[in-house]
Protein chains: 4
Amino acid sequence: METLHYHEEVKFMTSIRTDLALEARELYGQQNEDMAGIESESYKEHGIEITRVRITSPNGEKKVGKPMGNYITIEAAGIRERNPEFDEIVSQKLSDETKGLLDLNKNSNVLVVGLGNWNITPDSLGPKVVDRIMVTRHILELIPDQVDERVRAVCAIAPGVLGITGIETVEIIKGVVDRVKPDAVIVIDALASRKTHRIGTTIQIADSGITPGSGIGNKRMGINQETLGVKTIAIGVPMVVYAHTIGRDSLDIIIREFSNQATPGTEFYKMLKGMDQSQLDAMVNQVLSQDMGDLVVTPKEVDILIDDIARIISDGLNLALHDNISLEESRRFMH
Amino acid sequence: METLHYHEEVKFMTSIRTDLALEARELYGQQNEDMAGIESESYKEHGIEITRVRITSPNGEKKVGKPMGNYITIEAAGIRERNPEFDEIVSQKLSDETKGLLDLNKNSNVLVVGLGNWNITPDSLGPKVVDRIMVTRHILELIPDQVDERVRAVCAIAPGVLGITGIETVEIIKGVVDRVKPDAVIVIDALASRKTHRIGTTIQIADSGITPGSGIGNKRMGINQETLGVKTIAIGVPMVVYAHTIGRDSLDIIIREFSNQATPGTEFYKMLKGMDQSQLDAMVNQVLSQDMGDLVVTPKEVDILIDDIARIISDGLNLALHDNISLEESRRFMH
Amino acid sequence: METLHYHEEVKFMTSIRTDLALEARELYGQQNEDMAGIESESYKEHGIEITRVRITSPNGEKKVGKPMGNYITIEAAGIRERNPEFDEIVSQKLSDETKGLLDLNKNSNVLVVGLGNWNITPDSLGPKVVDRIMVTRHILELIPDQVDERVRAVCAIAPGVLGITGIETVEIIKGVVDRVKPDAVIVIDALASRKTHRIGTTIQIADSGITPGSGIGNKRMGINQETLGVKTIAIGVPMVVYAHTIGRDSLDIIIREFSNQATPGTEFYKMLKGMDQSQLDAMVNQVLSQDMGDLVVTPKEVDILIDDIARIISDGLNLALHDNISLEESRRFMH
Amino acid sequence: METLHYHEEVKFMTSIRTDLALEARELYGQQNEDMAGIESESYKEHGIEITRVRITSPNGEKKVGKPMGNYITIEAAGIRERNPEFDEIVSQKLSDETKGLLDLNKNSNVLVVGLGNWNITPDSLGPKVVDRIMVTRHILELIPDQVDERVRAVCAIAPGVLGITGIETVEIIKGVVDRVKPDAVIVIDALASRKTHRIGTTIQIADSGITPGSGIGNKRMGINQETLGVKTIAIGVPMVVYAHTIGRDSLDIIIREFSNQATPGTEFYKMLKGMDQSQLDAMVNQVLSQDMGDLVVTPKEVDILIDDIARIISDGLNLALHDNISLEESRRFMH
């Protein structure tokens, strides 16, 4: 109880630095009982955990700090083992879940947008996925007879980031959408999560779009159905965590341990209870200011992790965007 | 004379495979005397030859196969010597000539577009230039106080190519132009020329825009003032030649030599005169079909050549697009 | 006859700029009948042509300008079609032929050396192959129990080029060979050929080693059994041709055509016969000096061609160097 | 006092995961007073802090876990500001300190070795430095007349890592050293430190060589004067930290804070004193096992950080290895 109470306070102190609705909901749920406006269910299959979080009201939106909509999370820790068969199961799962949100018909055409900066490895997920997307729109327009009827019109861009283009990314996408008039837009981006084990292994699919840099606290214009005028699905994978978060989580764990061992009524117990936010903040800030600042970190192996997950996502999208295309066919097409 | 006559016929046979107005004009001029609709002047300075070709009428347009407009060519063979001072002179010259065509005022804002495919080294000039452009539009919008008054609003995109995006490049640019509303667009692209010595050493600046793949014979929609609705300057550098061209030029030279040595009235002379296009075509095709097909080649050192010329062009544009900015300042900005 | 006679003279004029024994032999054979010291046989299978040239005497060596030894050429034009099944057949063929030359036993260990400069795309074949080699030596030394008995000890280096290291490549290899003591060395390198259609589609396997830059006319120390002290197999693929060669071949073809059409005794015939080497040289040089210099060219698509052939060769070597390993197993190992 | 006592115990528990002698000494010094065998002095200049740690006895060696020798640390936090002038001061300082350890004469020749894996961004420091080293050995051998007398013979290799080559890196270097016979070897490597702020901003120069992966706890053969037979200087820059370390440091800070607030004799005080290593270990391990494993992290901006520091180090070495060469001259040489 006390621990919970303590955590309740902590909650307001910690700026929730995660792009995953799953984590935001969990964090909120650790300290609150009223989950109105937040629905959640999950199941496990082939070692993959699928969680569906649904934010159903403005109230729920406020609680978890994410816009209303569906958030499907695919947690596939096995990706780290680099087993091609497992990766294909993940791609298939991603395809199924994306199709569920997309609701395509025979003539739908889709624009895939790879967000992020190709010069910054942990931020290059979007452009890397786009590189492997089976792009067909021009073929269907120029030589329709040579294309299989299972193939839908797919086009793709990697618009770059504000610091490189000088243009808000949503403006570029909106400009392209106005000309290409797709039935749906899929945006891919690298995310920030609270847990290092999620890096490169967890995929979030959301129908509420995305706000570039939102996990990093910037206020920016969203890329979503409202701004683009068409259905917008966001697919993201955590590639970074805040160094802050790592330290913070370590502190939380030790305080919880101490609390569990303390006897109510003792000096120690009182002290733990008496520890107020500003005190804890001061400690956290001491670590931060000295060592980490606003540091965002990524695993040393990020080059490998990002190539693996980019392949899994592009495979999944190639399966999702055309009818009854096998991975082998899509790979041969890309070759 | 006969040689000229011969060449006149050859002219119609050879599809002129060059993106340089300079070469198209030269080729036409070798075989024709009526230069109405085609103006040309040139001068040399610091070892750099500047040629201005002006196509002034639909008739001139037809003669050289390039749209009406100004074509400024900077031939700077010295770039191959990799001397930083010489390169800066070329950048300065490019800046001067570009400014002459652009006609910017204090509040002009400019969109730089790097055409081409970043995965194909000889086609990556555009994206490489964009990488080094001093992009300022977002800074001027978000924190105008922190920007020097000499700085103009510049933004930049590398839209990719049709095979990668599935979207005509002009559509992407048009979409961005509609939202960003620049006063001018500068497009950068790798070109095909007839002469290998021009690869990486000749820069063409044209106010008639560009047609992607036009040097390669495709019919594609132009990127120009007409399609974009704003002044459009194209900056291009030959990075490839047709293998065909190399063989063809060799044949031309030897035939000319033979002709010079032949005595009028002799069997040989008659044979040369009697050689018709189809005969020559057959020979050329024999070489082509066996060895070269539609082969487009680039020097082995293309990775180095393209980095050098991308730096020279981006330096030149950074000088041209802002007022009294030194190269050192622009480089520090980019750092 | 005359044509042959003419060519015989041409032969001495043209410096034979090819790394392929196949082409050197062909060139020699076009103008000579005495093939003593040069054996050759070829067969075709699955659209792949295999030619075995054997230089058996110092006399043969002199004729074709290649050291004594076996030269197996795999011509697989179909590689350009990018069909994975066909590529696997080529890999299998490469494996078979390499095994034939290597003569490994159960405990043999092999050093694979990727020659060339990773910063110059057409010269990066060696390093790219090494990147995909199934390297096992350290695993067999450190944790032998975890390795399948079919696996041989394979190690690999990409030593760089003289201009980057300041050290003759053979010195670096020799240094490593002295410490690692492999039973065989396989060196991979990009070659120059006479024919553009061979770029990326022809593989030469030779047991006489290689001389870096030898196709480019430099005098350099060979990488072979004599210098390294162990059996040395060289695997090379043409990635460049001399621009010179393209022009030269065009001239040869037209002269041959003219010769065929000329009537013996006529002025023209006499002229063709009278054309001496210096005259032809002058013409060729005119083209060269104006346009090409010592220019070495590669197809525009070199980035794609080199990735494809690097994969085919590394697959072939992974099959050759271990016993009964499937391509799927080796790819999973590399993953 | 108690805190100190507590830390003394902690010390043995924590495996010191740092490659910096500076940090190892600091860590030891926090908990011990006997500094025999460890000398240390430091000064500050232009915002750069230089610390010289000298391990003078086997006893000192044991204390800090680093071999006897000189360790010079250049801490230059200002590198993060990306100011070219500041960077040049750091390069000059690196040059001065390296020259101090090298003791070159007019005819000395030096081998520079870039350790690390070019495919893993945070591990690519060595190869990136080697890419920018002014390599002269071959020029001095082949065309000595064309080289300035200020130029020494410098050669350079990037040997790769065990997982890529299958060969212990020291074996490759030793092989090359045996053939090239340099008077000194300089090895460059990315390091692990305890502090994230040191990433990309702190340079360690050591005359005791380096053990690849030693910061990561592997037992591997050293690269040093003993193994190579010539003077061996190691230059390293922290590019990663253990996620573990971040959590650990956070815990240490909070425990220290709690200790400071606890009253001797109270339950809490006793508890803190009674906290034994295994208890703390368990907590740390809980964090680790759940979240971080053996995770090594690097800042999100690693691509930029590593390019900057590679340039600073190569500039410094180019200054150090030749006499009175300016940075401008060395850059022109490299161009």
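Each remark here, short or long, concerns the structure printed above.
Small disclaimer: the values here were computed from a predicted structure and weren't measured.

Visitor: Help me out: how do you make sense of the overall build of chain A in this one?
Guide: What chain A contains, in helices and strands, is 14 helices and nine strands. Within chain A, the proportion of its 335 residues that are buried is 61%. Counted over contacts in chain A with a minimum sequence separation of 6, partners at least 24 positions apart contribute 73%. Just so you have it, chain A exposes about 13,000 Å², and 47% of that area is on carbon and sulfur atoms.

Visitor: What is the right way to look at helix α4 (residues 84-102) of chain D in this model?
Guide: Residue and element names in this part refer to chain D. For α4, spanning 19 residues, the distance from its first C-alpha to its last is 26 Å, which sits close to the expected 27 Å at 1.5 Å a residue. Where α4 is concerned, the buried positions are F86, D87, V90, S91, K93, L94, S95, E97, T98, L101 and L102. Its side-chain oxygen 2.9 Å from the backbone nitrogen of E85, N83 forms the N-cap of α4. D103, located one to two residues past α4, shows a positive phi value of around 60 degrees.

Visitor: Mind showing me how you'd approach the relation of the copies chain B and chain A here?
Guide: Each of the two chain copies can be brought onto the other by rotation about an axis and movement along it. With an RMSD of 0.2 Å, chain B superimposes on chain A once it is rotated by 179 degrees and translated 0.0 Å along the axis. Taken together, the rotation and translation describe the operation of a two-fold axis. Every residue of chain B has its C-alpha some distance from the rotation axis, and the shortest such distance is that of B:G175, at 2.0 Å. A high fraction, 100%, of the interface residues of chain B reappear at the interface in chain A, so the copies pair face to face through one surface.

Visitor: Which parts of the structure should I look at to understand the packing of aromatic side chains?
Guide: Aromatic ring pairs are described here by two measures, namely the spacing of the ring centres and the angle between the planes. Overall, the coordinates contain two aromatic pairs over all chains when judged by the stated rule. Judged by centre distance (6.2 Å) and plane angle (15 degrees), the rings of A:W118 and B:W118 are stacked. Residue A:W118 is found in the loop between β4 (109-114) and α5 (125-131), and its partner B:W118 is found in the loop between β4 (109-114) and α5 (125-131); the two belong to separate chains.

Visitor: Quick question: what am I supposed to make of the interface of chain B and chain A here?
Guide: With 26 residues of chain B at the contact, the number on the chain A side is 26 residues. For the pair chain B and chain A, the two sides together bury roughly 2,000 Å², of which 58% comes from carbon and sulfur. Across the chain B-chain A interface, the total number found is four salt bridges. Linking B:D178 and A:R179 is a salt bridge whose minimum nitrogen-to-oxygen distance equals 3.6 Å.

Visitor: Teacher, can you tell me more about the environment of B:D303 here?
Guide: The residue B:D303 is located in helix α13 (residues 302-321) in this model. With 182 residues separating them along the chain, B:D303 and B:T121 place their C-alpha atoms 6.5 Å apart. Setting aside its immediate chain neighbours within four residues, B:D303 contacts B:T121, C:N119, C:I120, C:T121 and C:P122.

Visitor: How should the packing of helix α8 (residues 169-180) of chain C against helix α8 (residues 169-180) of chain D be read in this particular structure?
Guide: A packed helix pair is summarised by two numbers, namely the angle formed by the two axes and the spacing between the axes. Across the interface, α8(C) lies against α8(D) with an axial gap of 7 Å and an inter-helix angle of 120 degrees. Between α8(C) and α8(D), the interaxial angle falls into the category oblique. Regarding α8(C) and α8(D), the two cross each other, and that crossing is right-handed. Counting all contacts with α8(C), which are made through C:E171, C:I172, C:K174, C:G175, C:V176, C:D178 and C:R179, the residues of α8(D) involved are D:E171, D:I172, D:K174, D:G175, D:V176, D:D178 and D:R179.

Visitor: Honestly, the side chain of C:N117 in this entry has me stumped. Any pointers?
Guide: All names here are of chain C. By the element assignment, N117 lies in the loop between β4 (109-114) and α5 (125-131). Of the polar contacts made by the side chain of N117, one reaches the backbone nitrogen of N119; its length is 2.8 Å. With residues up to four places along the chain from it excluded, the contact list for N117 reads D123, S124, V161 and I164.

Visitor: Which parts of the structure should I look at to understand the pairing of strand β2 (residues 48-55) of chain A?
Guide: As a general feature of sheets, a regular strand has side chains that alternate between the two faces. Residue and element names in this part refer to chain A. When strand β1 (residues 38-45) meets β2, the two strands line up antiparallel, connected through eight bridges. In the strand pairing of β2, K44 is matched with E49. Across seven bridges, the pairing between β2 and strand β3 (residues 69-75) is antiparallel. What sits directly across from I50, in β3, is I74.

Visitor: How do you make sense of the environment of B:T165 when you look at a structure like this?
Guide: Position of B:T165 relative to the elements: it lies in helix α7 (residues 162-165). Judged by its relative accessible area of 2%, B:T165 falls in the buried class. Not counting residues up to four positions away in its chain, the partners in contact with B:T165 are A:V135, A:C155, A:A156, A:I157, B:P159, B:G160 and B:I172. Here B:I167 takes part through its backbone oxygen, which lies 3.0 Å from a polar atom of the side chain of B:T165.

Rules of the game
- Residues numbered from 1 in each chain as written.
- Chains lettered and ligands numbered in written order.
- Predicted model: local features only at pLDDT ≥ 70, side-chain atom pairs only at ≥ 80, totals over all residues.
- Heavy atoms only, no water.
- Helix = DSSP H or I, 4+ residues; strand = E, 2+ residues; numbered from the N terminus.
- Buried < 20%, exposed > 50% of the residue type's maximum accessible area, 1.4 Å probe, protein only.
- Contact = heavy atoms within 4.5 Å.
- Areas by Shrake-Rupley, 256 points an atom, 1.4 Å probe, with all protein chains shown as cover.
- Expected span 1.5 Å × (residues − 1).
- Polar contact = N/O pair within 3.5 Å; in protein donor to acceptor, adjacent residues only side chain to side chain.
- Least-squares fit on C-alpha atoms with pLDDT ≥ 70 in both.
- Phe/Tyr/Trp six-rings, centres within 6.5 Å; stacked < 30°, edge-to-face > 60°.
- Buried area = accessible area lost by both parts, 1.4 Å probe.
- Salt bridge = Lys/Arg side-chain N within 4 Å of Asp/Glu carboxyl O.
- Axes fitted to C-alpha atoms, helices over the stretch in contact; angles between N-to-C directions.
- Parallel < 35°, antiparallel > 145°, perpendicular 65-115°, else oblique.
- Left-handed = near helix turned anticlockwise from the far one by under 90°.
- Pairing = 2+ DSSP bridges.

Read these as layout, nothing more, since geometry by itself doesn't imply function.
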